[in-house]
Amino acid sequence: MYKQMPRPAFLVLPAVLPLLASCAPVDGAKPSGLAVADDTGRTVSLSVPAERVFSVVPSLTESVTALDRSVLVARTRFDLAPELAHLPSLGDAIRPNLEALVRLEPDLVISWDDPDQRTFADQIGALGIPVYRANVQTIADVRSHLRRLGVLLDRGERAEAMVDSLDQALARVAAAVQGRDRVAVYYSVWHDPPQTTGPGTFIDEVIEYAGGRNVFGDASNAWPLVSLEAILQRNPDALVIARHTGDQPAAPWLDRPGWRELEAVRTRRYLLVEGDLFNRPGPRVAEAALQLARFLHFEPE
């Protein structure tokens, strides 16, 4: 089906990875005012750069960490990066501990632009704490939020450097697989019921950069629930399965009727990936694309 190919020497991420380390605060004069529009169209205005930040959006927590992790005052239970382990956890990302957060005196809170979190964001805003509401779905959104958060943290130059490095890394992955046959990929967000990724999402883009073709790239929404019969009908060449915290190291459900009939399962052409990497539209999307490209085109079947 797909022959093993030698791995090109340039299929690496030398430019982007150093920029994901934290940046020490920069001394110097502070700007008199900083303002950006969030994803609701509201203007988020600060008199000085944010120095005490809390984010309930894991991908944007990673972006803040990459811009300047010293500004983070807390985390949620989904933020498991070792460099954040010392921070207090405020619990769930949808309903974090509001009282504990207020005691930490944040000067910026990053929230979802989502009905489930509107009450939390409104409560924070009512206390006079600036709230940046975000909706992150695409790689373009990753770039945009890096730049806007760079403004609010006074890390604009670093944000631009990170965007440039991200684009260069993605371009290298795309160049490495250029001219190769596209591999039909089913991406498993969850298995019971089966949920996958549709068109226009960052995962759909990662699959494209990696030399794949999303078999549900024609779905009617971004994160569709699909039937096992529909997956069998589309008969993907490869499966990519997102593992979640606490999951077993394997995917025993692949032995169930239906799943085990898939050609990709019979030939063991599937890859278990870390959900914290693949399911987060943040500064590490190029790392996900690289890992997927290696699996699809440069590793033995």
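Residues numbered from 1 in each chain as written. Predicted model: local features only at pLDDT ≥ 70, side-chain atom pairs only at ≥ 80, totals over all residues. Heavy atoms only, no water.

Peer 1: Help me understand the sheet that holds strand β4 (residues 108-112), please; the structure alone is not making it clear to me.
Peer 2: Working definition: the strands of a sheet are paired by backbone hydrogen bonds and lie parallel or antiparallel to each other. The strand order across the open sheet built from three strands is β3-β4-β5, with neighbouring strands paired in parallel fashion. The outermost strands of the open sheet, each flanked by one partner alone, are β3 (53-55) and β5 (131-134). Taking each pair of neighbouring strands and ignoring which way they run, the sheet shows an average axis angle of 15°. Inspection of the sheet shows β3 paired to β4 by three bridges, in the parallel sense. Looking at the pairing, Val 53 lines up with Leu 108 of β4. Across the face of the sheet, helix α1 (residues 58-68) comes into contact with β3, β4 and β5 while running at roughly 145° to β4. Its contacts with the sheet put helix α4 (residues 139-152) on β4 and β5, and the angle it makes with β5 is roughly 175°. (Pairing = 2+ DSSP bridges. Helix = DSSP H or I, 4+ residues; strand = E, 2+ residues; numbered from the N terminus. Axes fitted to C-alpha atoms, helices over the stretch in contact; angles between N-to-C directions. Contact = heavy atoms within 4.5 Å.)

Peer 1: What should I look at first to understand the pattern of salt bridges in this one?
Peer 2: Opposite charge on two side chains permits pairing when their charged atoms draw close. All chains considered together, the criterion is met by 14 salt bridges. Here Arg 148 ties to Asp 39 by a salt bridge, and the two come within 3.0 Å at their closest N and O atoms. With a gap of 109 residues between them, Arg 148 in helix α4 and Asp 39 in the loop between β1 (34-37) and β2 (43-46) connect regions that are remote in the sequence. For Arg 148, a relative accessible area of 15% translates into the label buried. The residue Arg 266 makes a salt bridge to Glu 263 at a minimum N-O spacing of 2.5 Å. With Arg 266 and Glu 263 both in helix α8 (residues 263-266) and three residues apart, the pair spans about one turn of that helix. On the accessibility criterion, Arg 266 (53% relative accessible area) is exposed. Where salt bridges share partners, they join Glu 62, Asp 276, Arg 280 and Arg 284 into one cluster. (Salt bridge = Lys/Arg side-chain N within 4 Å of Asp/Glu carboxyl O. Buried < 20%, exposed > 50% of the residue type's maximum accessible area, 1.4 Å probe, protein only.)

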